[in-house]
Amino acid sequence: MSIERKFQIAAYVLFIAVIFAAPVFGDEFWLNRISKYLVYGMLGVAIALTWGYAGILNLGQGLFFGLGAYMLAMSLKLSSPTSLQQGSDKPVPDFMLWNAEPGAPTQLCCINKGSFLWLPFQSQSVGLVLGIVLPVVIAGALGMLVFRKRISGVFVSIITLALVLLVRLIMVDAQPVTNGFNGLTDLGWLTIGGIEFDPYSRATYYLCAVCLSLTLIGARLIVETRAGMILQAIRDDQVRARYLGFDVSLYQVFFFVISAGIAGVAGMLYVIVAEFASPTFMDLSFSVTMVVWAAVGGRSSLLGACIGAILINMIEAEVSETEALVEAWKAIIGLIFVLVVLFMPRGLGGLAHDVLRQFIRRLRPGSVSSSLQQQSGAL
Amino acid sequence: MSAIALTIDGLSVDFGGFRAVNNVSITVFDGELRVLLGANGAGKTTLMDLVSGKTHSTQGKVFVYDTEITNWPEHRIARAGIGRKFQVPSVFRDLTVRQNLEVANCRNPSVLANLRFGFSRAEARRVDDVLALIGLEAEHNMMAAYLSHGQTQWLELGMLIVQDPKVVLLDEPTAGMTQAETRKTAEIINNLKGRHTILVVEHDMGFVREIAERITVLHLGEVLAEGSVEDIERNPKVREAYLGTKGIS
């Protein structure tokens, strides 16, 4: 095993150790905030997987995040003790009651035209399963359409961007079913096997930490398989890969779907932690922000993109809460992005990789592992 | 002679009224090395595009042995046994030389079959052999982006060899090469003779003499002549259409 590889594994182990040790250092409110950042870290991994490894810049990752979030939020809404019409055996979400036509039956099946869609969500497991299945199915269908047609590059970005805005519009427009702009608030807690996931508890934090760790390790393993290598080959030269006999679109769809699945899980975790789901998840700005995290962290580095997401959000929180900088924080974040793109085009991951190589060279001046070797920066 | 490896039967393509390839019929025998000669615009590369599936033909048929592959999708044609090297060398720039060959070495093209790690000893040995054949052993761990032009061409040839197609299409494998590089390329290609059926597009007559058995001359999208190197060099129609009055220098 090469020294570089040992350092890479050490970096993963260290990162996972740190996030599992974090509860020692702060109170519940801080933990709740960090949980959100871990969820953002998952989104960073999802973006790096498609952008860095598959060369597909998805500007609508918020679609999969939002769908995952809404699916679980619907289930949690129905298990909320405070926001339902109580006293009946089939409680109805509060916003449906407020907007119900006079005389409408106060039943989930038929209080309005679309309310029957909520019926399956009375079981939390339906929300949990759909939170990953729906993003995966939609990503699969979209991928089949787009990649079979050999659409690539900026056109994929434009299509995903348009799609997330379209779905956002539908979610806002379907007010009777989705509560429109207001989103779903006042949610109950997720309960799995008797454990209640209070958003301000360590249990919830560890849930996020476990999910992020599994995502990181899983994504890293999958890009190290042959399929991962072929995917990178496709990113470098689709035509060449096709003439070697690979059905390029299947590989693209496969990894696009995995990325969507990760985003769906991230959306569900966010709902558990933040206790709301809103159409803002499908705002264009949010999807673009994810791409910025991955760019700063290093798009060709899964761990880098993950750390980038967490770091930017920590800085953002710090800066936006400092009184002198309240007005300027957006400019500061923007400046960081511009500087990174100008001076570290491969992001933090690339920087770490370069520093490591310098270090190794100084360690063993005999072995000239020239800078030409293995510059993929796959930390 | 032995079986026919590649049959091109009355192949034509029409680009909005312009017939880039017009009713071309060529049969290449198993293990043969055939050179396609022709001036710019004669339709050589277009013919390769038609055979390999990049361009859809409007008329005619293509067979690999007994399988008709006319207008199949490219990856299926590749799986049917046709490998292609492009005029502009195309390799996976951000993978190492070794990884480039390993990608070509994945026999099963499906995603799920490739969800596993590493390569067997036999597969690794095969990659080692090809690295030796194309003379890139020292560079095996280098990113393909940093190879010289000639080395990139050899790497692409190496990928073809690993892929082990029945029929190899080579589009100007010596374009932009120095003389020494051209000689080494000829060596690699001569090494493939017999094991693969090879169709080469080439301009460089010195190189053609070094490798060719039979030559097919294309002119304005049609087959003008076919024969051995001497036949072609003496053929008056070829001299007039392609080589000019001065003959082959």
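Residues numbered from 1 in each chain as written. Chains lettered and ligands numbered in written order. Predicted model: local features only at pLDDT ≥ 70, side-chain atom pairs only at ≥ 80, totals over all residues. Heavy atoms only, no water.

Peer 1: What is the right way to look at the overall build of chain B in this model?
Peer 2: When you go through chain B residue by residue, the secondary structure sums to nine helices and ten strands. For 249 residues, the compact-globule estimate of 2.2 N^0.38 gives 18 Å, and chain B sits close to it at 18 Å. The principal-axis extents of the C-alpha atoms in chain B amount to approximately 55 × 40 × 35 Å. A buried classification covers 53% of the 249 residues belonging to chain B. Residue pairs at least 24 apart in sequence account for 68% of intrachain contacts in chain B once pairs closer than 6 positions are excluded. (Helix = DSSP H or I, 4+ residues; strand = E, 2+ residues; numbered from the N terminus. Rg over C-alpha atoms; globule rule 2.2 N^0.38 Å. Buried < 20%, exposed > 50% of the residue type's maximum accessible area, 1.4 Å probe, protein only. Contact = heavy atoms within 4.5 Å.)

Peer 1: Mind showing me how you'd approach the nonpolar core here?
Peer 2: What tends to happen in soluble globular proteins is that the nonpolar side chains get buried as a cluster. In this structure, A:L302 and B:L155 are the most contacted members of the largest nonpolar core, which totals 161 residues. Top contributing element to this core by residue count: helix α11 (residues 248–274) of chain A, with 18 residues. Leaving out residues up to four positions away in the same chain, B:L155 has contacts with B:V91, B:V97, B:N100, B:L101, B:I134, B:L136, B:A144 and B:L147. Of all hydrophobic cores here, the second largest spans 27 residues; its members include B:L6, B:I26, B:M48 and B:V201. (Core = buried A, V, L, I, M, F, W, Y, C linked by side-chain atoms within 4.5 Å.)

Peer 1: Got a minute to help me understand the sheet that holds strand β8 (residues 197–201) of chain B in this structure?
Peer 2: Sheet strands pair via backbone hydrogen bonds, and the direction of the pair is either parallel or antiparallel. Residue and element names in this part refer to chain B. Read across the sheet, six strands follow the order β6-β7-β8-β3-β9-β10 without closing on themselves; strand pairing throughout is mixed. Taken across any chain shown, the strands that pair with only one partner, and hence form the sheet edges, are β6 (82–85) and β10 (222–228). Across the sheet, the mean angle from the axis of one strand to that of its neighbour is 20 degrees, orientation sign disregarded. Bridge analysis of strand β7 (residues 167–171) against β8 gives five bridges, and the strand direction is parallel. What sits directly across from V167, in β8, is T197. On the sheet, helix α1 (residues 44–52) packs against β3 (33–37), β6, β7, β8 and β9 (214–219) and is oriented at approximately 145 degrees with respect to β7. (Pairing = 2+ DSSP bridges. Axes fitted to C-alpha atoms, helices over the stretch in contact; angles between N-to-C directions.)

Peer 1: Could you clarify how one ought to interpret the confidence of the model for chain A in this entry?
Peer 2: Note that predicted coordinates carrying low pLDDT should not be read in detail. Residues and elements named next belong to chain A. Here chain A shows a mean pLDDT of 90. Residues at 70 or above account for 94%. Summarising per-element confidence for chain A, the mean pLDDT is lowest in helix α14 (residues 329–343) (85) and highest in α11 (97). Scored below 50 in pLDDT, residues 367–379 makes 40 contacts in the model with residues more than four places away or belonging to other chains. (pLDDT = per-residue confidence, 0-100.)

Peer 1: Honestly, the pattern of salt bridges in this entry has me stumped. Any pointers?
Peer 2: Between side chains of opposite charge, pairing is possible as soon as their charged atoms come close. Going through the model one piece at a time under the given rule, you end up with 24 salt bridges over all chains. A salt bridge links B:E156 to A:R240; its shortest N-O distance comes to 2.4 Å. Separated into two different chains, B:E156 in helix α5 (residues 149–163) and A:R240 in helix α10 (residues 238–243) make up a pair that spans both. For the residue pair B:E156 and A:R240, the accessibility class agrees, reading buried in each case. Here B:E226 makes a salt bridge to B:R214, at a shortest N to O gap of 3.6 Å. With B:E226 in strand β10 and B:R214 in strand β9, this residue pair connects regions lying twelve residues apart in the sequence. Taken together, the salt bridges that share partners define one network made up of A:E4, A:R346, A:D354 and A:R357. (Salt bridge = Lys/Arg side-chain N within 4 Å of Asp/Glu carboxyl O.)

Peer 1: Explain the pairing of strand β1 (residues 4–15) of chain B here, please?
Peer 2: Strand residues, when the strand is regular, have side chains that alternate between the two faces of the sheet. Residue and element names in this part refer to chain B. Here β1 runs beside strand β2 (residues 18–29); their pairing, made up of eight bridges, is antiparallel. Directly across from D14, in β2, lies its bridge partner R19. Here β1 folds back onto β2 in antiparallel fashion, the turn holding two residues, of which G16 has a positive phi close to 55 degrees.

Peer 1: Which parts of the structure should I look at to understand the environment of A:N58?
Peer 2: All names here are of chain A. By secondary structure assignment, the location of N58 is in the loop between α2 (28–54) and α3 (61–78). When the C-alpha atoms of N58 and M290 are compared, they prove to be 9.9 Å apart, with 232 residues separating the residues in sequence. When near neighbours in sequence (up to four residues on either side) are disregarded, N58 contacts I47, F64, T160, F256 and V291. Engagement of the side chain of N58 in a polar contact is seen with the side chain of T160, the distance being 3.4 Å. (Polar contact = N/O pair within 3.5 Å; in protein donor to acceptor, adjacent residues only side chain to side chain.)

Peer 1: Help me understand the state of the cysteines, please; the structure alone is not making it clear to me.
Peer 2: Linking two cysteines covalently through their sulfur atoms gives a disulfide. Residue and element names in this part refer to chain A. Counted according to the given criterion, the structure contains one disulfide over all chains. Across a sulfur-sulfur distance of 2.4 Å, C109 and C110 are joined as a disulfide pair. Summary of cysteine pairing: C208 is not part of a disulfide, and the nearest cysteine sulfur, belonging to C211, is at 6.8 Å. The exposure class assigned to C208 is buried, which follows from its relative accessible area of 1%. (Disulfide = S-S within 2.5 Å.)

Peer 1: Honestly, the interface of chain A and chain B in this entry has me stumped. Any pointers?
Peer 2: Interface size is commonly expressed as the accessible area that is lost once the parts come together. Taken together, the 31 residues of chain A in the interface contact 42 residues of chain B. One can count three salt bridges joining chain A with chain B. Applying the counting rule to chain A against chain B returns 17 residue pairs in polar contact (both at pLDDT 80 or more). Breaking the side of chain A that touches chain B down by element, the ones donating at least two residues are α8 (202–224), α9 (226–236), α10 and α11 of chain A. In terms of residues, the side of chain A that touches chain B owes the most to one element, α9(A), which gives eight residues. When the residues that make up the side of chain A that touches chain B are grouped by side-chain class, the tally is 15 nonpolar, seven polar and nine charged. (Nonpolar A, V, L, I, M, F, W, Y, C, P; charged D, E, K, R; others polar.)

Peer 1: Teacher, can you tell me more about the packing of aromatic side chains here?
Peer 2: The relative placement of two aromatic rings is captured by the distance of their centres and the angle of their planes. All names here are of chain A. By the definition in use, this model includes 21 aromatic pairs over all chains. With centroids separated by 5.1 Å and ring planes inclined at 50 degrees, the aromatic side chains of F29 and Y200 adopt a geometry described as tilted. Here Y200 lies in the loop between β2 (195–197) and α8 and F29 lies in helix α2, a separation of 171 residues in the sequence. The exposure class assigned to Y200 is partly exposed, which follows from its relative accessible area of 34%. Taken together, Y37, Y40, F65, Y270, F276, F281, F286 and W293 form an aromatic cluster joined through their ring pairs. (Phe/Tyr/Trp six-rings, centres within 6.5 Å; stacked < 30°, edge-to-face > 60°.)

Peer 1: I'm lost on the environment of A:A11 in this one. Help?
Peer 2: All names here are of chain A. Within the secondary structure, A11 sits in helix α1 (residues 3–21). Assessed through its relative accessible area of 21%, A11 is described here as partly exposed. Taking the C-alpha atoms as reference points, A11 and G114, separated by 103 residues in sequence, lie 49 Å from one another.

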